[in-house]
Amino acid sequence: MTALAKPPGTGAPGTAGPSRFARLKLTRAERRGLRTGLLFISPWLVGFLAFNLYPALASLYYSFTNFKILQEPRWTGLDNYAKLINDPIFWKSLTNTLYLTVVGVPLAVVVALGIALLLNRKGIRGIGIFRTIFYLPVVIPGVAAAILWIFLLSPVNGLVNQSLRVVGIAGPGWFYDPAWAKNGIILMTIWAAGDVVIIYLGALQGVSRALYEAAEVDGAGAWVKLRHVTIPMISPAILFNLITGAIAAFQSFTQAFVISAGVGRGNDGSIGGVQNSLLFYGLNLYNNGFRYFQMGYASALAWILLIMILVATLVLLRASRNRVYYESAQ
Amino acid sequence: MVALIVLAVVYLTPFVWMISTSLKTLQQSLVSPPVLVPNPIVFKAFTDALTKMNYPLAFRNTLIYAVPAVIGTVVSCSLVAYGFALVRWRGRNTMFLIVLATMMLPSQVTLIPLYVIYAKLGWINTYLPLLVPTFLGSPFFIFLLRQFFMGMPKELMDAARLDGASELRILATIVAPLSAPALITVGILTFIDKWNDFYGPLIYLQKPELQPLSLAVQVFQTQHGTDWPLLMAASVLVAAPLVVLYFFAQRKFIEGITLTGLKG
């Protein structure tokens, strides 16, 4: 129990005083508080130990073994990691995923910002209806959305290419064309970015009118106000959307799974689209874990994924330092 | 305003096209240039989809998954959030940081060991791997409810404590009723999340008779390739209940999403 006792600052706010610092023994009331607190959080505690901590450590262990679910894992050291570095499929899945992250996420974040700015202007009537429309794609199940988009983007009869034909553009093969398949996914991501729009709207509504008025007094036009008032003021929301978007892109699975299952599978039943153009990191992991039952290798892939997500988050946080304005910090 | 209307039409078009196609025959759906309002309107795709993908069974399976998950999430997250927000104990904030840290853990990292455990327990092809974890709290909702609970007036609770009420009783009779909006938001977000969940059922539910709508419609798609009216009807049937729920509970949705952004 004493192991849980922490120096002040980590304890409940306002309860920690200097006199407490040296005191490791808990009073009766404190003991009761600790017992009650732990009792209330016990569901999470059990879940954390059984469904987070143990499996995370176990998969780290598996990643150093040859493990095919039916046999006991056999220690092979860094073999899985060496295999991974030399596996062209791993690199393919990584570049596919990075494309989605580097091209798709910023695009979705910018388009959503544009929509939010349009919605946030004064005197827009029926804002509720517009909000409903832009959020609707988020509500419908990912599988249904993917099936819908296979249809919309089908090369000959699809609505998108038929519309393009009307204006004299020959549309691409989308999911059937390795060069265009990922752009199809990006299009879907932009369409389903309604939650990002809502988050921006919340942030935009928090920007003080006085700032705009001050800018107007200084003769600022619409662009200057956007560039020097709006964007700095909502920069925490932009950063948040970039980070959550990047994390989601790294783990993207359902759309590509459904599309590649519909557009054509590999001979071994693996999934990844035409010429593996839709083989994202999560799909490669799924193929290895649940098609080839290479549980050790799949665990190594999972740990590399975790490290990449942590690195990407840190890079975004660091790059945004000095560029993101936090009201409370000023 | 014009730009907004054009964008809204663009965003709506896929839905309109989905519904329009679901009311056509296969021949009608292949006509070029495309026709928006089918003539005649046929419901055959819907009746076919209902029977061929065994919709009632898949619908029931989805509810078997989503309803207990909502109960489990709301109950466990309110208990845990109460422990973090309104009970004072040493180490509480450190422990809460761990809750926040687990949000960063991608599910793929725990997937394989969990699969191994569930296989050993004989839980594959049951709903247990999907349902049991929902009774053990979800970090994001714990966070959300904790924020909500911390903003509540303490006087009522202190008065109840003086009257000798237990903490559990305070949660049940004072805190929970006062946080009904937040609890409903958590419930609705969980419901959509489970309704749409594809990965969990894909991994754990291989038997066709156990598959919820999300998985059933995907299997259906691989069987009916390019029969678009049929596939669109099936997609409409899978999406419709959520869309209806969304129209009734829009405010809750938007509040939930706005709260998501607040943590940024």
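Numbering of residues starts from 1 in every chain and runs along the sequence as written. Note on labels: chains are lettered from A, ligands numbered from 1, in written order. It should be noted that, the model being predicted, local features are given only for residues of pLDDT at least 70 and side-chain atom pairs only at 80 or more, the latter also being counted only at that level, while totals for whole chains, interfaces and linings use all residues.

## As for the overall build of chain B
Inference 1: A run of H or I in DSSP counts as a helix once it spans at least four residues, and a run of E counts as a strand once it spans at least two, with each numbered from the N terminus. Helix and strand content of chain B: 15 helices and zero strands.
Inference 2: Counting only C-alpha atoms and orienting by the principal axes, one finds that chain B spans roughly 75 × 55 × 30 Å.
Inference 3: Within chain B, the proportion of its 264 residues that are buried is 45%.
Inference 4: The contact rule is simple: place each C-beta atom from the backbone, and if two of them lie within 7 Å, those residues are in contact. Sequence-distant contacts, at least 24 apart, represent 76% of the contacts inside chain B between residues at least 6 apart. Partly exposed residues are those whose C-beta has more than 12 but fewer than 20 other C-beta atoms within 10 Å; with 20 or more the residue is buried, with 12 or fewer it is exposed, and the C-beta atoms are placed from the backbone.

## Points about the interface of chain A and chain B
Inference 1: Each partner contributes to the interface: chain A provides 80 residues, whereas chain B provides 77 residues.
Inference 2: Tallying contributions element by element places helix α2 (residues 28-62) of chain A first for the side of chain A that touches chain B, with 19 residues.
Inference 3: The classification used treats Ala, Val, Leu, Ile, Met, Phe, Trp, Tyr, Cys and Pro as nonpolar, Asp, Glu, Lys and Arg as charged, and all other residues, Gly among them, as polar. Here the residues of the side of chain A that touches chain B are counted per class, giving 56 nonpolar, 20 polar and four charged.

## Some points on the domain arrangement of chain B
Residue and element names in this part refer to chain B.
Inference 1: Domains assigned within chain B are domain 1 (1-43) and domain 2 (53-262).
Inference 2: Taking only C-alpha atoms, the centre of domain 1 and the centre of domain 2 are 34 Å apart.
Inference 3: Taken together, the contact between domain 1 and domain 2 spans eight residues of the former and seven residues of the latter.
Inference 4: Elements represented by at least two residues in the side of domain 1 that touches domain 2 include exactly α1 (2-22) and α2 (26-29). Where each domain begins and ends is defined by an automated method or by a domain database.

## Looking at the nonpolar core
Inference 1: We define a nonpolar core as a collection of buried residues of the types Ala, Val, Leu, Ile, Met, Phe, Trp, Tyr and Cys that are connected via C-beta atoms lying within 7 Å of each other. Within the largest apolar cluster, 154 residues are counted, with the highest numbers of intra-cluster contacts made by Ala112, Val197 and Tyr200 of chain A together with Tyr82, Ile142, Leu145 and Ala234 of chain B.
Inference 2: Excluding residues that lie within four positions of it along the chain, alanine 234 of chain B makes contacts with Ala49, Met53, Val217 and Phe220 of chain B.

## Brief notes about helix α6 (residues 142-152) of chain A
Inference 1: With eleven of eleven residues buried, α6 of chain A lies mostly within the body of the structure.
Inference 2: Within the span of α6 of chain A, buried status applies to Gly142, Val143, Ala144, Ala145, Ala146, Ile147, Leu148, Trp149, Ile150, Phe151 and Leu152 of chain A.

## Here's the deal with the environment of leucine 285 of chain A
Inference 1: Relative to the helices and strands, leucine 285 of chain A is located in helix α14 (residues 281-291).
Inference 2: For leucine 285 of chain A, a count of 26 C-beta atoms within 10 Å puts it in the buried group.
Inference 3: Residues leucine 285 of chain A and isoleucine 169 of chain A lie 116 residues apart in sequence; the distance between their C-alpha atoms is 38 Å.
Inference 4: Residues contacting leucine 285 of chain A, with those up to four places away along its chain left out, are Ala298, Leu301 and Ala302 of chain A together with Gln108 of chain B.

## Considering the confidence of the model for chain A
Inference 1: Counting all residues, the mean pLDDT for chain A is 88, and 89% of those residues have values of 70 or more.
Inference 2: Known as pLDDT, the predictor's confidence for each residue is given on a scale from 0 to 100. The low-confidence segment residues 1-18 of chain A, where pLDDT is below 50, has 26 contacts with residues more than four positions distant or belonging to other chains.

## What about the packing of helix α3 (residues 44-52) of chain B against helix α14 (residues 228-248) of chain B?
Residue and element names in this part refer to chain B.
Inference 1: Note on geometry: axes are lines fitted to C-alpha atoms, helical ones only across the stretch in contact, with angles between N-to-C directions running from 0 to 180 degrees. Between α3 and α14, the shortest axis-to-axis distance is 8 Å and the interhelical angle comes to 70°. The pairing of α3 with α14 is recorded here as roughly perpendicular in orientation. Pair α3 / α14 crosses with right-handed handedness. Across the interface between the two elements, Ala45, Phe46, Asp48, Ala49 and Leu50 of α3 pack against Pro229, Leu230, Ala233, Ala234 and Leu237 of α14.
Inference 2: Partitioned by chemical class, the residues of the contact of α3 with α14 number nine nonpolar, no polar and one charged. An angle counts as roughly parallel when it lies under 35 degrees, as roughly antiparallel when it exceeds 145, as roughly perpendicular when it falls between 65 and 115, and as oblique in every other case. It is the rotation of the near helix from the far one that decides the hand of a crossing: anticlockwise by less than a right angle makes it left-handed, clockwise makes it right-handed.

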